[in-house]
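Residue-level structural notes
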Amino acid sequence: MNSNATVLPVHCDCEVLPPPALVQEFVPVREVAFGERTELRDGTLTVAGNVSADIAVPLVTSVVVDVVAPGERDVRTDTVLDAVPLAVKVEGGLGEGVTRLATGVVLVVTGVDADGTQLGEAGNSAGVLSERMSDAAPGTPDPGDWIIRIAVTIEAGRRMERPGPAAAHQAADVVADRLRRALLDAPPSDRRTFEEPSGPGPRVALVKLVMGQGAMHENLVFPAEPGGVRGAVSLIDLGNLPQQLRVNEVRDGALHSLCCVGPSSKETTLHYYRDPLVAALAEDTELRLTGVIVVGSPPQEADKRFVARRVGAMVAAAGVDGVVVATEGFGNNHIDFAAEIEEIAKYGTPTVGVCWSAARGLVSGNEYMYALVEVNKAASGQESDVLGENTADATDARRAIAMLKTLLFGADPLPSPHSWDPEVLRGNQELVEAAAADNNGRPTLTEGIRSEVPVSATAPTPLASLGRPLSGAVVALVSSAGAHTVGDVPFRPYADYSLREIPATATDDELTFASGSYDNSDVNADPNCLFPLTRLRELAEDGVLGGVSPTHFAMQGGGTELELVKTRTGPDLLRRLEEVDVDAVVLIGACGSCHRSAVVLQRLVEQAGIPTVIIASLPAVAAQLGAPRIAATDTPMGAALGAPHDTAQQRRVLTAALDLLVRADEAGAVARLPERYRS
């Protein structure tokens, strides 16, 4: 280009618009009753008796609607899949124009399959509704709300495969659409206008890490109606890559939760709709919330790290001054959580993390996680079956903002305690409110605030030696992914510390899996993806091994307390292994919590003098807890050994893992296998 050339400005007669505003109109609902037609008049929402008729969604066998009045929640319920606001677009698209919201009423979706098995994942909220649903969480109905309960039944055997739970939500959304039409005809009593945040303060972003692994872990974005399903796109189908949303889009229901929230730390669609972190950051006049980055949690560790790098790049390109990274749930998503904090903070951007871990502890961590907020509410510090109990609320949001402002103003939080301590949360809250009292009630730099979540790692157990050549060794399999024989006593949905024995002669058709927290599609097609008993027998027949243990063992490792795995399950496993007299053990996990349980058992077995190796699709989790030997695969959580029916790949993975028993020369050895599979 000629350096002397004149650069002329480009002129356009196009109208330049400010960011669109969102108007919320409110229609109060004081009573819900059944009648001949669905309509909303004078505060009474009448629901037609046939509101759930003629719903044709594949895999759905029935949809039943009933009404639960305020104060009458002592009723039995199947597991709650979601709580959804009743809202409809009047004008414009999501995040702009006019939305009409019915106040005083919430849609609650429940799910079960045709065999009566709950659609919960690692746990479920089935039971008495008043006991299984928090009345103080952002994602659950308020005590004075009416509940329209949409009970969905799907075909048997599909609850742990991605299409099953998705079908339940699709069917419930058909009912919701019929109610939305009535809301559209009802005159509003009040309205509120939301502008996109603006102002001169530090620019901040919220990174919202949600689920993206399929089955019980999925989220939708950009539905046609607020909090709806129709027209929405799955984050899984978007590669779980980060999506930049305007603040008003999130306020207007751009997210729909398919988390099948049995555990207390998962967030419902209602939680997303009135997210306390979004509200607090947007309303703080000392900050400017630039937007919300929504990102999914893939089932493969390599993909988790790729997505985390994209989050870091998006944040860097936005040029923000500070970031809050928030996640829901517990387990493998801590890998994403830790990686995303690292990819943001390592370039100098002040970063606060918000999560639930409490007494369970983080599944994965790093040195950049020095400013963390804990959202636990349960007195035990454990996961529970109470919907919404351990999710972020307004007080957590205030501590997060105070911690972020402390970083922005040049100070660091004090280090976290070495172990979970609920007094730290209470102490921080007192400090935050005392400092806010001198700042017109707004959280601000808070001296003495302490990071609330311990980040620790365990040194690997010293290696035991294989006492004979591999070709003469007898090997046992140990699964923490809920494997058992068909007809055996099923495991509890989570935190089951008992063992199941699997005979060496068990065929593929005789094996099934009880664990949640991962999509079961692959193991339902071929159990050798996660419990390679047939492959082990083949290697023994080929002389690679000396023999196969007459009995193999399994537990349901999701949602466990590690101390109880160590003190209950571990001694029982050691006794049984001694009885079958094996020379080595191969362990296999699935979800993040399953991996942790497997490593606890692995360490105990190694300490007892039996060499072990874990085949890990989440090697970061195994390494964090000090696994002695790790065979790492680039595969989904539900298929650690690779693709269903790919006998060659499964044999390669198992052979490489067994080889590590011989050639590993230092504790904590990791063999990264060149095996890749995407379900």
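Quick note: structure is the one above.
Described in the following lines is the structure provided in the data block.

Cut-offs used in this document
- Residues numbered from 1 in each chain as written.
- Predicted model: local features only at pLDDT ≥ 70, side-chain atom pairs only at ≥ 80, totals over all residues.
- Heavy atoms only, no water.
- Helix = DSSP H or I, 4+ residues; strand = E, 2+ residues; numbered from the N terminus.
- Rg over C-alpha atoms; globule rule 2.2 N^0.38 Å.
- Buried < 20%, exposed > 50% of the residue type's maximum accessible area, 1.4 Å probe, protein only.
- Contact = heavy atoms within 4.5 Å.
- Lys, Arg positive; Asp, Glu negative; His and termini not counted.
- Charge placed at Lys NZ, Arg CZ, Asp CG, Glu CD.
- Core = buried A, V, L, I, M, F, W, Y, C linked by side-chain atoms within 4.5 Å.
- Pairing = 2+ DSSP bridges.
- Axes fitted to C-alpha atoms, helices over the stretch in contact; angles between N-to-C directions.

Per the secondary structure count, the protein includes 15 helices and 30 strands. Its C-alpha atoms give the protein a radius of gyration of 26 Å, near enough to 26 Å, the size a compact globule of 679 residues would have. Summarising its shape, the C-alpha atoms of the protein cover approximately 80 × 70 × 60 Å along the three principal directions. Taking all 679 residues of the protein together, 63% fall into the buried category. Sequence separation of at least 24 residues holds for 78% of the intrachain contacts in the protein that already meet a minimum separation of 6. Taking the average location of the 56 positive side-chain charges in the protein and that of its 89 negative ones, the two points are 1 Å from each other.

It is worth spelling out the environment of Met 555 at this point. Structurally, Met 555 is set in strand E26 (residues 551-556). Distance from Met 555 to Pro 200, taken between C-alpha atoms, is 55 Å for residues 355 residues apart in sequence.

Turning next to the nonpolar core. Residues Leu 206, Val 352, Leu 530, Val 586 and Leu 658 are the most contacted members of the largest nonpolar core, which totals 94 residues. Ranked by residues supplied to this core, first place goes to helix H8 (residues 394-408) with 7 residues. The residues contacting Val 352, other than those within four sequence positions of it, are Val 323, Val 324, Val 325, Ala 371, Val 373, Ala 400, Met 403, Leu 404 and Leu 407. If you look at the next biggest cluster of nonpolar residues, it comprises 37 residues, including Ile 55, Leu 107, Ile 148 and Ala 167.

What follows is about the environment of Gly 609. Of note, Gly 609 is situated in the loop between helix H13 (592-607) and strand E28 (612-616). When residues no more than four places from it in sequence are discounted, the contact partners of Gly 609 are Ala 464 and Ser 465.

This next bit is on the sheet that holds strand E4 (residues 44-48). Strand order in the open sheet formed by 3 strands is E2-E4-E3, and the pairing between neighbours is mixed. Pairing within the sheet leaves two strands with one partner each, and these edge strands are strand E2 (31-35) and strand E3 (39-41). Each neighbouring strand pair of the sheet contributes to a mean axis angle of 25°, computed without reference to strand direction. For E3 and E4, the ladder comprises 3 bridges, and the chain directions are antiparallel.

So, on to the pairing of E4. Counting buried positions along E4 yields 4 of 5 residues, so the element is predominantly enclosed. Two strands pair when backbone bridges link them, and E2 and E4 are joined in this way by 5 bridges, in the parallel orientation. When the sheet's bridge partners are listed, Glu 31 is paired in E4 with Thr 44. The antiparallel pairing of E3 with E4 creates a hairpin that spans 2 residues between the two strands, and Asp 42 there sits at a positive phi of about 50°.

Time to look at the sheet that holds strand E17 (residues 288-295). With mixed pairing, 6 strands are arranged side by side in an open sheet as E15-E17-E12-E18-E19-E20. Taken across any chain shown, the strands that pair with only one partner, and hence form the sheet edges, are strand E15 (243-245) and strand E20 (372-374). Averaged over all pairs of adjacent strands, the angle between their axes in this sheet comes to 20°, without regard to strand direction. Relative to strand E19 (residues 351-355), strand E18 (residues 322-327) runs parallel, the two sharing 4 bridges.

What is shown is where atoms sit, not what they do.
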